[in-house]
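Below, each chain spelled out in residue letters.
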Amino acid sequence: MVSAGGTPDDAGHMRRALELARRGSGHAAPNPLVGAVIVRDHEVVGEGYHARYGDAHAETAALRAAGDRASGATAYITLEPCTHTGQTPPCTDALIRAGVRRVVIATRDPHPLARGGARVLEAAGIETTVGVEETAARELNAVFFHALHSSRPWVTLKLAVSLDGAVRDGARSAGWLTGPEARAEVHRMRAASDAIAVGIGTVLADDPLLTVRDAPAPRVTPLRVVFDNGARLPLASRLVQSVQQGPVCIVASRAPEPRRAAQLADGGVEIIVAGTLDAALLALRGRGVRALLVEGGPRLAGAVLTASAADRLVIFQAPIVLGMGAEPAFAFAPAVTVAGARRWPIVARQPFGDDLMTIYGFSEP
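My aim in this report is to walk through the structure given alongside it, one point at a time. (Residues numbered from 1 in each chain as written. Predicted model: local features only at pLDDT ≥ 70, side-chain atom pairs only at ≥ 80, totals over all residues. Heavy atoms only, no water.)

Our next topic: the environment of H42. Mapped onto the secondary structure, H42 falls in the loop between β2 (35–40) and β3 (43–49). Note: C-alpha distance between H42 and G117 (75 residues apart in sequence) is 25 Å. (Helix = DSSP H or I, 4+ residues; strand = E, 2+ residues; numbered from the N terminus.)

Written as structure tokens, this is what we have:
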């Protein structure tokens, strides 16, 4: 019978498997991030993770590392082993052939083709435990789970703010609020996303590049998106001038006039016409965007919050005060009363240098 729960040792080994799974970020998608640890007689004899889309799954990699020592061992796996033949054979078959005694699974796989692995293992006489570190496992693969039931991308809204909640000083001068460690984490977030979005105001003010630089290059270069109702994206901007480094598109509420549309097309810029933010998200999902990182300024952030389109809010807070006249990060967010304001749960909190990252959960993965 498939059991739930687990022991303290189970939790520790599963946390290691989750750590391994994260190594596939930016390379495993659209497959989920999966890690596996093989333990025999209290000794770790094999580890593995799904390193790249199309390559061996985590279970196969860990079993290869364990070799004959996998027989009679316990396998810790962050996602229910698959039961179908895709680009690789079923992982359930590999575990059964290896002779593992027990399999501990963090969370079930809801994919209609892959699910049911726990039942297959149990039918083969393998003791199976499900639900160890499940919350962390589901958060790790929030994009994967979301894509199975939603027609829009998983949206992460990221803002860098001062202690007094501002994104720019009163003079609107250029400069980084956060330090290099926090900025490197943002680049890791970019690498794990299918698209990175800003508003046209941010482009006109900062001329960003929106590429992945301070992190390993992802398998697929993220789409760079500008929400630009007036199709004002300058042809001399770094985005357009770097189109060979990664695709660029604008999202406009109406089609640009023909001459302007031709100029953008000649510059290699794709145009998506969408009258609402919801329509834009549907269009981006149709283009293959499952994970959208929104890095825009206060106007775009306000639009995302007004539409209740954010699944995660990530705040990088710098230890500075910008004071009077500074530009508030949430100036365009919908107004609510203190009594009516919803308190968002904290998913994670981590320092990066002198800066503090806090992730708030707006929806379930």
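What follows is about the pattern of salt bridges. A complete count under the given rule lists 16 salt bridges for this structure. Salt-bridge contacts for R188 lead to E185; the nearest nitrogen and oxygen are separated by 2.8 Å. With R188 and E185 both in helix α7 (residues 180–191), this residue pair falls 3 residues apart, about one helical turn. When its relative accessible area of 15% is taken as the criterion, E185 is described as buried. The network of salt bridges with shared partners includes D10, R101, R102 and E127. (Salt bridge = Lys/Arg side-chain N within 4 Å of Asp/Glu carboxyl O. Buried < 20%, exposed > 50% of the residue type's maximum accessible area, 1.4 Å probe, protein only.)

Okay, the pairing of strand β16 (residues 346–352) next. In this sheet, strand β17 (residues 355–361) lies alongside β16 in antiparallel orientation, the contact comprising 6 bridges. Pairing of Q350 across the sheet is with M357, part of β17. Here β16 hands over to β17 after 2 residues, with G353 in that stretch at a positive phi of 65°. (Pairing = 2+ DSSP bridges.)

This paragraph deals with the packing of aromatic side chains. Tallied over the entire structure, the rule returns 3 aromatic pairs. Taken together, a centroid distance of 6.3 Å and an interplanar angle of 50° make the contact between F316 and F352 tilted. Placement of F316 in strand β14 (residues 312–317) and of F352 in strand β16 is noted, with a sequence separation of 36 residues between them. The burial state of F316 is the same as that of F352; both residues are buried. When the ring of W344 is compared with that of F362, the centres are 4.0 Å apart and the planes differ by 25°; the resulting orientation is stacked. Of this pair, W344 sits in the loop between β15 (327–328) and β16 while F362 is found in the segment after β17, placing the two residues 18 residues apart along the sequence. Residue W344 is classed as partly exposed on the basis of its relative accessible area, which comes to 31%. (Phe/Tyr/Trp six-rings, centres within 6.5 Å; stacked < 30°, edge-to-face > 60°.)

Further remarks concern the environment of F145. Looking at the secondary structure, you find F145 in helix α6 (residues 142–147). Given the relative accessible area of 3%, F145 is considered buried. In the structure, F145 is positioned 17 residues away from S162 in sequence and 33 Å away in space, judged by C-alpha atoms. Beyond its immediate chain neighbours, meaning those up to four positions away, F145 contacts L79, T107, R108, P110, A137, R138 and P365. (Contact = heavy atoms within 4.5 Å.)

Examined against the element boundaries, V39 turns out to sit in strand β2. For V39, a relative accessible area of 8% translates into the label buried. Counting along the chain gives 129 residues from V39 to R168, while the straight-line C-alpha distance between them is 51 Å. Leaving out residues up to four positions away in the same chain, V39 has contacts with H13, V44, V45, A73, T74 and Y76.

This part covers unusual backbone geometry. Of all residues except glycine, most have a negative phi; of all peptide bonds, most are trans. The step from A29 to P30 runs through a cis peptide bond, and the omega angle for that step is 10°. Here P30 is to be found in the loop between α1 (8–21) and β2. In this structure, D207 takes a positive phi of about 50° despite not being glycine. The residue D207 is located in the loop between α8 (200–206) and β10 (223–227) in this model. For D207, a relative accessible area of 27% translates into the label partly exposed.

For H146, the location among the structural elements is in helix α6. If near-sequence neighbours (up to four positions away) are discounted, H146 is found in contact with R152, P153, W154 and D311.

As summarised here, the arrangement of the 9 strands in space is β12-β11-β10-β9-β13-β7-β14-β17-β16, forming an open sheet in which the pairing is mixed. Both edges of this open sheet fall to β12 (269–273) and β16, since each of them pairs with a single strand only. Taken pair by pair, the neighbouring strands of this sheet meet at an average axis angle of 20°, ignoring direction. As judged from the 6 bridges shared by β14 and β17, these two strands associate in the antiparallel manner. Paired with Q317 across the strands is L356, a residue of β17. Running at roughly 165° to β10, helix α11 (residues 277–286) makes contact with β7 (154–161), β10, β11 (248–252), β12 and β13 (291–294) of the sheet. (Axes fitted to C-alpha atoms, helices over the stretch in contact; angles between N-to-C directions.)

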